[in-house]
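# Structure at a glance
Spelled out, the chains give:
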Amino acid sequence: MTRERRSPTERQAWRQGLSVAIATAAYGISFGALSVASGLDVWQTCALSLLMFSGGSQFALVGVVAGGGAPATAIASAAILGVRNTLYGLSVRPWLGAHGATRLPAAILTIDESTAVGLAQPDERARRVGFWVTGIGIYLGWNATTLVGALVGDVLGDVRMWGLDAAAAAAFVGLLWPRLASRQAAAVGVASAVVAAVLVPALPAGVPVLVAVVVAIVVGWTNWLGRPTASTTDAATGPDAQERA
Amino acid sequence: MTTWHVILAASILVVGLKVLGHLMPAGPLEGPRPRRILELVTVSLLSALVAVQTLADGTSLVVDARVPAVLLAVVLYRLRVPFLVVVVAAATVAALLRRFAGWA
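Residues numbered from 1 in each chain as written. Chains lettered and ligands numbered in written order. Predicted model: local features only at pLDDT ≥ 70, side-chain atom pairs only at ≥ 80, totals over all residues.

## A look at the overall build of chain A
- The helix and strand tally for chain A stands at 12 helices and zero strands.
- Listed by position from the N terminus, the elements making up chain A come as α-α-α-α-α-α-α-α-α-α-α-α.
- Considering only C-alpha atoms, chain A reaches an extent of 65 × 50 × 30 Å along its principal axes.
- Going through the 245 residues of chain A one by one, you find that 56% of them count as buried.
- Contacts spanning at least 24 positions in sequence make up 71% of the contacts within chain A whose residues lie at least 6 apart. (Helix = DSSP H or I, 4+ residues; strand = E, 2+ residues; numbered from the N terminus. Buried ≥ 20, exposed ≤ 12 C-beta atoms within 10 Å, placed from the backbone. Contact = placed C-beta atoms within 7 Å.)

Written out as structure tokens, the structure is:
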């Protein structure tokens, strides 16, 4: 038994990691079903979860494929959503202590949830426990539920009859929701949605989504609507108002 | 380019970005500006995907059963309903509107 060797903070990291892993793995069912509904087969769907292992990027790739986007557009969407994992790697590596053979698995398991649970722990050992328990737990659960979802999706067949196209949009809302806490993020979200929608008739499928990212780069660079210079006048003249005009 | 090529190329890029975070010097991404841009890029891309998944049909804009389904999803997330329940509820609303209310 390893029980007596674990500190209270390590036990807490285990508990948090497992509960986050179970909750997150449940999304895998919707990913599997939506991926098959987008036209990927069961093997391709499972390969995405095994190899890419990054929920946002996977949803984006199948979303662009479903909308008839070009291959390069699908790849670019997945990659742009994957850039934040680079930042997570930088945040976790000082305390993760991954060297040699553990570096690649550590990198593959570096996702939103493992990073968040790790960073939330009070000491280094508990942080490592939180990261690995969450990452490994989600990897196993996500791949299992992806297969289940893909098989279910395969049986369902017609996408629209079952409302799976609406489910895809609702899934993106769910991935977005926790990131809208600040006014700046909410403004960028609204402006990006408007830019993408307006450009749908003008550009090839999938491209409007990539163009909308310019909103984030401009607002992020200038820190429009951000602290510490936030004021009410910014709201009227900010990117939000301009993109709508 | 086949679907397999897309899957492999995108997977290599996404995993490469993860590895980069564990190997690159921290310098270029330090400071509030790069971090802010990266966080906002994620928000931007996900918001754009919501808009396109809700309103686009190929390269035209349409209002169909997806719109009320997504509005319901927003309300449910606001009420802290779990992800999977919301996704199923949105699908159900769209399916019911199409079958019984004649929505597109």
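Next comes the rest of the account.
## Some points on the interface of chain B and chain A
- At the interface, 63 residues of chain B touch 83 residues of chain A.
- Contributions of two or more residues to the side of chain B that touches chain A are made by helix 1 (3-23), helix 2 (32-55), strand 2 (60-61), helix 3 (66-78) and helix 4 (83-100) of chain B.
- Considering every element that reaches the side of chain B that touches chain A, the biggest residue donor is helix 2 of chain B, with 21 residues.
- Taken together, the residues that form the side of chain B that touches chain A break down as 44 nonpolar, 13 polar and six charged. (Nonpolar A, V, L, I, M, F, W, Y, C, P; charged D, E, K, R; others polar.)

## What to know about the packing of helix 8 (residues 164-176) of chain A against helix 3 of chain B
- Orientation of helix 8 of chain A relative to helix 3 of chain B, taken along the N-to-C sense of each, is 30°, at an axis distance of 9 Å. For the element pair helix 8 of chain A and helix 3 of chain B, the recorded crossing hand is right-handed. Every residue of helix 3 of chain B that contacts helix 8 of chain A at A:Asp165, A:Ala166, A:Ala169, A:Ala170, A:Val173 and A:Gly174 is listed here: B:Arg66, B:Ala69, B:Val70, B:Ala73, B:Val74 and B:Tyr77.
- In terms of residue class, the contact of helix 8 of chain A with helix 3 of chain B is built from nine nonpolar, one polar and two charged. (Axes fitted to C-alpha atoms, helices over the stretch in contact; angles between N-to-C directions. Left-handed = near helix turned anticlockwise from the far one by under 90°.)

## Observations concerning unusual backbone geometry
Residues and elements named next belong to chain A.
- At Phe53, a residue that is not glycine, the phi angle is positive and equals roughly 45°.
- The phi angle at Asn223 is positive, at roughly 55°, despite the residue not being glycine.
- By the secondary structure assignment, Asn223 is in the loop between helix 10 (207-222) and helix 11 (232-237).
- With 17 C-beta atoms packed within 10 Å, Asn223 lands in the partly exposed category.

## Some remarks on helix 4 of chain B
- Along its 18 residues, helix 4 of chain B runs 26 Å from first to last C-alpha, staying within 8% of the 26 Å computed at 1.5 Å per residue.
- Buried within helix 4 of chain B are the following residues: B:Phe83, B:Val86, B:Val87, B:Ala89, B:Ala90, B:Ala91, B:Val93, B:Ala94, B:Ala95 and B:Leu97.
- Tucked inside the fold, the buried residues of helix 4 of chain B contact helix 1 (8-37) and helix 8 of chain A together with helix 3 of chain B.
- A positive phi of about 75° marks B:Gly102, the residue just after helix 4 of chain B. (Expected span 1.5 Å × (residues − 1).)

## A word on the domain arrangement of chain A
Residues and elements named next belong to chain A.
- Segmenting chain A into domains produces domain 1 (3-179) and domain 2 (181-245).
- For domain 1 versus domain 2, the distance between C-alpha centres works out to 26 Å.
- If you look at the interface, domain 1 gives 12 residues, while domain 2 gives nine residues.
- Here the residues of the side of domain 1 that touches domain 2 are counted per class, giving six nonpolar, five polar and one charged. (Domains from an automatic or database assignment.)

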